[in-house]
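# Observations on chain architecture
Each chain, written out:
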Amino acid sequence: MAVADRKTEGRPRALFPRWLLRSGVTVGSIAVTMLGLLFVTFMIGRVMPVDPVLAIVGDRASAEVYQQVYERLGLDRPLIVQFAIYLGDVVRGDFGMSILTARPVAEDIARVFPATLELATLGTVIGVAFGVPLGVVAAVRRGSWIDQIARVVALVGYSMPIFWLGLMGLLIFYGILGWVGGPGRVSIFYADMVPPVTGMILVDSALDGNWTVFRDALSHIVLPAALLGYYSLAYISRMTRSFMLEQLSAEYVTTARVKGMSEWAVIWGHAFRNIRVQLITVVALSYAGLLEGSVLTEIIFSWPGIGSYITTALLSADMNAVLGGTVVVGLVFVLLNVASDLLYKFLDPRAK
């Protein structure tokens, strides 16, 4: 105890614990990021050549009706006042009413986002499960036929339009072979047979014990999830190969091999261990990209997710729905970045 006292003697005592300061900085950065996102989305909604009043009253409304709705929406006030009102509404979870559905946008997002979350999560799992081993093997067997196949697979995944792959997949695996279900989340016969708990049909049907609906939903999701997984696989395998090549050329790998360590231990116990932190960023970016970038996949497969919801709202000039969906997607990006930072500190003690 005396030794500990001598070591700390003369050092200034911290006013706040370090973990509290770090937490405050993290929360502050999230708040600033979200404030910037809200400001950008608000300004986009104001500069776009879409009249929200006409979208509500129609082009045949009288000037008096137009002016009443214009003032009720607060568009006659200064921009800074409008932004303050918008910010207060968003903080309370109020994104306004959707013109297209005549329901609160928050309710619409809560209804459609679980479908995208389920599809993107399964696609990311497929991409990681196949992309990481493929990238590692390609790096270990650099220049071999396995490496060439992995590079071709990644190139095709980057270059092929996903809407074309989706249409070909429906034609072959659904139309000709009949191996998978068609568009939609479930067949019409099984619609609304499972009580919604999480909004994810696979989870809800499993919780309800309705395995017939589970199998039917799985047959519908497997093809779009596989396409998104292939798109994710192309990115993940390419980055994994690049990271592993850098580690395999390092001196510590040569030293481990000279000491007689097994190749399995060298590759997975040392080289792969040192790229885990980098892979976290890659997987997080891929996951976020699937959450907000699967619009074409959702449209082709009639998947009622947030991507198709935002697209339909944009085509209908439903700006409340567009801005609300954009804010939610931005929030997902921020939360995934925070989760990545937390995993950094868990996997790499040097980041603490």
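Worth saying up front: this structure is predicted, and the values here are computed from it rather than measured.

## Focus on the overall build of the protein
Scanning the protein from terminus to terminus reveals 16 helices and zero strands. The contacts of the protein with a sequence gap of at least 6 include a subset with a gap of at least 24, amounting to 71%.

## A few points about the packing of helix α6 (residues 105–140) against helix α10 (residues 211–248)
Viewed as axis vectors pointing N to C, α6 and α10 meet at an angle of 35°, and their least axial separation amounts to 5 Å. Read as a crossing pair, α6 and α10 show a hand that is right-handed. Of the residues assigned to the contact of α6 with α10, the class counts are 21 nonpolar, eight polar and two charged.

## Points about the packing of aromatic side chains
Tallied over the full model, the rule gives eight aromatic pairs. Here F39 and F83 contribute two aromatic rings whose centre-to-centre distance is 5.4 Å and whose plane-to-plane angle is 85°, an arrangement assigned as edge-to-face. Taken together, the positions of F39 in helix α2 (residues 18–47) and F83 in helix α5 (residues 79–91) put the pair 44 residues apart, joining distant regions of the chain. Relative to Y190, the ring of F189 lies with its centre 5.1 Å away and its plane at 80°, an arrangement referred to as edge-to-face. In this structure an aromatic cluster arises from ring pairing among F39, F42, F83 and Y86.

## A few points about the pattern of salt bridges
Summed over the entire model, instances satisfying the criterion amount to six salt bridges. A salt bridge links R185 to E118; the shortest N-O distance between them is 2.8 Å. Here the residue R185 occupies a position in the loop between α8 (162–176) and α9 (201–208), and E118 occupies one in helix α6, the gap between them amounting to 67 residues. The class of R185 is buried, set by a relative accessible area of 16%. Given a relative accessible area of 5%, E118 falls into the buried group. Between R241 and D147 there is a salt bridge; the shortest N-O distance is 2.7 Å. Linking R241 in helix α10 with D147 in helix α7 (residues 145–159), this pair joins segments that are 94 residues apart in sequence. The two residues R241 and D147 agree in class, both being buried. The network of salt bridges with common partners includes R103, D108 and R111.

## Topic: the side chain of E298
Among the structural elements, E298 can be located in helix α14 (residues 295–300). Of the side chains with opposite charge, R185 comes closest to the buried, unpaired E298, at an N-O distance of 9.3 Å. A distance of 3.0 Å separates the side chain of E298 from the backbone nitrogen of G307, its partner in a polar contact.

## Focus on the nonpolar core
Counting 43 residues, the largest nonpolar core has Y86, I109, I306 and Y309 as the members making the most contacts within it. The set of elements that each furnish at least two residues to this core consists of α2, α5, α6, α9, α10, α13 (276–293), α15 (306–315) and α16 (319–347). In terms of residue count, the dominant contributor to this core is α16 (10 residues). Look past the residues within four positions of Y309 in its chain and what remains in contact with it is S98, V105, D108, I109, V112 and A321.

## Re the confidence of the model for the protein
If pLDDT is low for a region, its predicted coordinates should not be looked at in detail. Taken over all residues, the pLDDT of the protein has a mean of 81, while the share at 70 or more is 88%. Across the protein, element-level confidence peaks in α6 with a mean pLDDT of 91 and bottoms out in helix α1 (residues 2–8) with 46. Long-range and interchain partners of residues 1–16, a stretch whose pLDDT sits below 50, account for one contact in this model, where long-range means more than four residues apart.

## A word on the layout of surface pockets
The probe, sized like a water molecule, is rolled over the atoms to show the empty space still left. By volume, the largest pocket is sized at about 740 Å³. R46, L73, F95, G96 and N320 are the residues nearest the centre of the largest pocket, which is lined by 27 residues in total. For the lining of the largest pocket, the elements supplying multiple residues, two or more each, are α2, α3 (52–57), α4 (63–72), α5 and α16. Considered class by class, the residues forming the lining of the largest pocket number 13 nonpolar, seven polar and seven charged. There is about 410 Å³ of room inside the second largest pocket. Taken together, 16 residues make up the lining of the second largest pocket; nearest its centre are R185, D192, P196, G199 and I201.

## Considering empty space enclosed by the protein
In this structure the tally under the stated criterion is one cavity of 30 Å³ or more. By volume, the largest cavity amounts to about 40 Å³. If you trace the largest cavity, you find it lined by G157, M160, I162, L165, L227, Y230 and Y231. Looking at the lining of the largest cavity, the elements that each hand over two or more residues are α8 and α10.

## With respect to α15
Within α15, burial applies to I306, G307, S308, Y309, I310 and A313. Directly after α15, the chain includes A317, whose backbone phi takes a positive value near 60°.

## Examining unusual backbone geometry
The phi angle at A102 is positive, at roughly 60°, despite the residue not being glycine. Here A102 lies in the loop between α5 and α6. Residue S302 is not a glycine yet carries a positive backbone phi of 50°. Among the structural elements, S302 can be located in the loop between α14 and α15.

What counts as what
Residues numbered from 1 in each chain as written. Predicted model: local features only at pLDDT ≥ 70, side-chain atom pairs only at ≥ 80, totals over all residues. Heavy atoms only, no water. Helix = DSSP H or I, 4+ residues; strand = E, 2+ residues; numbered from the N terminus. Contact = heavy atoms within 4.5 Å. Axes fitted to C-alpha atoms, helices over the stretch in contact; angles between N-to-C directions. Left-handed = near helix turned anticlockwise from the far one by under 90°. Nonpolar A, V, L, I, M, F, W, Y, C, P; charged D, E, K, R; others polar. Phe/Tyr/Trp six-rings, centres within 6.5 Å; stacked < 30°, edge-to-face > 60°. Salt bridge = Lys/Arg side-chain N within 4 Å of Asp/Glu carboxyl O. Buried < 20%, exposed > 50% of the residue type's maximum accessible area, 1.4 Å probe, protein only. Lys, Arg positive; Asp, Glu negative; His and termini not counted. Polar contact = N/O pair within 3.5 Å; in protein donor to acceptor, adjacent residues only side chain to side chain. Core = buried A, V, L, I, M, F, W, Y, C linked by side-chain atoms within 4.5 Å. pLDDT = per-residue confidence, 0-100. 1 Å grid on protein atoms, 1.4 Å probe; cavity = no way out; pocket = protein on both sides within 12 Å on 5 of 7 lines; lining within 4 Å. Points joined across faces, edges and corners; volume = space filled by probe spheres on them.

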